[in-house]
Amino acid sequence: MSTQEHRNKSGFETRAIHAGYEPDEATGAVIPPIYATSTYKQDGVGGLRGGYEYSRSANPTRTALEGVLAALEEGERGFAFASGLAAEDTLVRSLCRPGDHVVVPDDAYGGTYRLFEKVERAWGLENSPAAVSDVDAVRAAIRPGQTKLVWLETPTNPLLNVGDIEALAGVAHEAGALLVVDNTFASSYLQQPLTLGADVVVHSTTKYAGGHSDVVGGALVVRDLDVADTIGFHQNSIGAVAGPFDSFLVHRGLKTLGVRMDRHCDNAEKVVEFLTGHPKVAQVIYPGLEEHPGHAVASRQMKRYGGIVSFRVAQGEQAALDACARAEVFTLGESLGGVESLIEHPGRMTHASVAGTELEVPADLVRLSVGIETADDLIADLDRALG
Ligand SMILES: *Cc1c(COP(=O)(O)O)cnc(C)c1O
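Residues numbered from 1 in each chain as written. Predicted model: local features only at pLDDT ≥ 70, side-chain atom pairs only at ≥ 80, totals over all residues. Heavy atoms only, no water.

## Side note on the sheet that holds strand S6 (residues 200–204)
Read across the open sheet, the 7 strands follow the order S1-S7-S6-S5-S4-S2-S3; overall the sheet is mixed. Each of the sheet's edge strands pairs with one partner strand only, and the pair in question is strand S1 (77–81) and strand S3 (126–130). Geometrically, the sheet is characterised by an average inter-axis angle of 20 degrees between neighbouring strands, direction not taken into account. As defined by bridge partners, strand S5 (residues 178–182) adjoins S6 across 3 bridges and the pair is classed as parallel. Note that in S6 the partner of Val 181 across the bridge is Val 201. (Pairing = 2+ DSSP bridges. Helix = DSSP H or I, 4+ residues; strand = E, 2+ residues; numbered from the N terminus. Axes fitted to C-alpha atoms, helices over the stretch in contact; angles between N-to-C directions.)

In structure tokens, the structure reads:
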């Protein structure tokens, strides 16, 4: 077994720190340098060193990141992109053709829904929304022979619905379609969809993978080598690749993913406990709660329940807006998955674009991305914010 093969069979944290990169031959650099180069000197015509020719096709900093992405998802190959949506667009154009059809979550990430509805539809790709928590609804939305992808997010945003990856992989495969799982919310640490039968994992590495709110990026990981070849061809042909500095940041973020996620989960559990008893809170939404409709499935397929907590404020929309405005340790802002805690009002912020549609969210809903600060400070802040 080579050192790399050995590392790929190690525990999650060991893979996060070592997979995909050996200390640099020339200098021993323990961390992959930021290879800020567009092209590479050839040793005679066609004499490429390590396969590097031009940095859209491959760059060593990106190669290191792609190696660890694959190792953490237990996939065969990983691909890094300029954003999560760039990864999604490349995937769709790799595996679908005009006239095809995809099933998408009826509460998909807004940007994903916009991509399918406003961009891919104009290109001739049809979509049908279905509830991810309802296996029969997903099966019914499939058009045999025409559906190429079943697209799943679990847990979803911001209502944290849970889809059964193993069951939905069966439903997709029965119909000759592939199951794609957007694993951004759970992260590779809490859930490995490829091991449950999914064909492709998507990440916005902007979120937990990067983990520090300092980079925008995306990733795909696959287990089938033919699918990998098709995606690799399209990654290079479309060119929405992650640059070397962005690749470096995500690679660095992934080294601490396990410890960060455990602390995100610890803090989220404490916040949930606090909110559950609070008189100003009407409902707490978290897959770790036994009364959550997806609790049993989440318990089977996730290591823990994640760092996102949503709740409904008893006195309605204005009280929810006031709580967002009064929070201080929780920063008012969109996005999620960074070390710092964020608070937002989905109805007016992340989900404003779906107001008046089937995807509309309750007006009294608040979403928290629970960070890794001291838990007591987070709870005191929420107590003050709720008034
Ligand atoms: C943020 C996000 C995306 C889009 O990723 P970008 O990096 O913003 O392009 C896709 N899916 C989910 C679940 C997200 O949270």
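## As for the site of the ligand
As a matter of local geometry, the ligand sits amid Ser 83, Gly 84, Leu 85, Glu 88, Tyr 109, Asp 182, Thr 184, Phe 185, Ser 204, Thr 206, Lys 207 and Gly 217. Separating an oxygen atom of the ligand from a side-chain N or O atom of Lys 207 is a distance of 2.7 Å. Surface burial for the ligand is 92%, taken as the share of its 380 Å² of free accessible area covered by protein chains. Residues belonging to the shell around the ligand are distributed by class as follows: 3 nonpolar, 6 polar and 3 charged. (Near = heavy atom within 4 Å. Polar contact = N/O pair within 3.5 Å; in protein donor to acceptor, adjacent residues only side chain to side chain. Areas by Shrake-Rupley, 256 points an atom, 1.4 Å probe, with all protein chains shown as cover. Nonpolar A, V, L, I, M, F, W, Y, C, P; charged D, E, K, R; others polar.)

## Remarks on the side chain of Asn 59
For Asn 59, the location among the structural elements is in the loop between helix H2 (12–18) and helix H3 (60–73). For Asn 59, a relative accessible area of 2% translates into the label buried. (Buried < 20%, exposed > 50% of the residue type's maximum accessible area, 1.4 Å probe, protein only.)

## Regarding the domain arrangement of the protein
The domains assigned to the protein are domain 1 (3–254) and domain 2 (257–385). If you average the C-alpha positions of domain 1 and of domain 2, the two centres end up 26 Å apart. Taken together, the contacts link 33 residues of domain 1 with 39 residues of domain 2. Together, the buried faces of domain 1 and domain 2 total about 3000 Å²; carbon and sulfur atoms form 64% of this surface. Considering only the surface of domain 1 that becomes buried against domain 2, Tyr 189, Leu 190 and Tyr 208 emerge as the three largest contributors, covering 26% of it. Linking domain 1 to domain 2 there are 1 salt bridge. At the junction of domain 1 with domain 2, the criterion picks out 15 residue pairs in polar contact (both at pLDDT 80 or more). Looking at the side of domain 1 that touches domain 2, the element that brings in the most residues is helix H8 (residues 187–190), giving 4 residues. Grouping the amino acids of the side of domain 1 that touches domain 2 by side-chain chemistry returns 17 nonpolar, 12 polar and 4 charged. (Domains from an automatic or database assignment. Contact = heavy atoms within 4.5 Å. Buried area = accessible area lost by both parts, 1.4 Å probe. Salt bridge = Lys/Arg side-chain N within 4 Å of Asp/Glu carboxyl O.)

## Some remarks on the side chain of Ser 188
Relative to the elements of secondary structure, Ser 188 occurs in helix H8. Within the structure, Ser 188 has its side chain in polar contact with the side chain of Glu 73 (distance 2.8 Å). Here the side chain of Ser 188 touches His 203 through a polar contact of 3.4 Å, side chain to side chain. When near neighbours in sequence (up to four residues on either side) are disregarded, Ser 188 contacts Phe 12, Leu 72, Glu 73, Asn 183, His 203 and Leu 257.

## Concerning empty space enclosed by the protein
Applying the stated rule across the entire model yields 4 cavities of 30 Å³ or more. Taken as a whole, the largest cavity encloses approximately 50 Å³ of empty space. In terms of lining residues, the largest cavity is bounded by 14 residues, among which Phe 81, Val 216, Gly 217, Ala 242 and Asp 246 are the most central. Listed by contribution, the elements that provide at least two residues to the lining of the largest cavity are S1 and helix H10 (244–255). With 3 residues, the top contributor of residues to the lining of the largest cavity is H10. When the residues that make up the lining of the largest cavity are grouped by side-chain class, the tally is 8 nonpolar, 5 polar and 1 charged. As a volume, the second largest cavity reaches approximately 40 Å³. Lining the second largest cavity, in full, are Val 103, Val 104, Pro 105, Ala 130, Val 132, Val 138, Val 150, Trp 151, Leu 152 and Leu 168. Taken together, the elements giving at least two residues each to the lining of the second largest cavity come down to strand S2 (101–105) and strand S4 (147–153). (1 Å grid on protein atoms, 1.4 Å probe; cavity = no way out; pocket = protein on both sides within 12 Å on 5 of 7 lines; lining within 4 Å. Points joined across faces, edges and corners; volume = space filled by probe spheres on them.)

## With respect to the pairing of S6
Where burial is concerned, most of S6 is hidden: 5 out of the 5 residues are buried. Alternating residues of S6 divide into Val 200, Val 202 and Ser 204 and Val 201 and His 203, and every residue in both groups is buried. Judged from the 5 bridges that link them, S6 and strand S7 (residues 218–222) form a sheet pairing that is antiparallel. Directly across from Val 202, in S7, lies its bridge partner Leu 220.

## Quick look at the pattern of salt bridges
Taken as a whole and judged by the stated rule, the model has 19 salt bridges. Across the pair Glu 66 and Arg 62 runs a salt bridge, and its minimum N-O distance is 3.2 Å. Of this pair, Glu 66 and Arg 62 both sit in helix H3, 4 residues apart, roughly one helical turn. There is no split in this pair, since Glu 66 and Arg 62 are both buried. Two residues, Asp 199 and Arg 223, come together in a salt bridge whose shortest N-O distance is 3.5 Å. Of this pair, Asp 199 sits in the loop between H8 and S6 while Arg 223 sits in the loop between S7 and helix H9 (225–238), and the two are 24 residues apart along the sequence. Shared partners join several salt bridges into a network, and the residues in it are Asp 262, Asp 266, Glu 269 and Arg 304.

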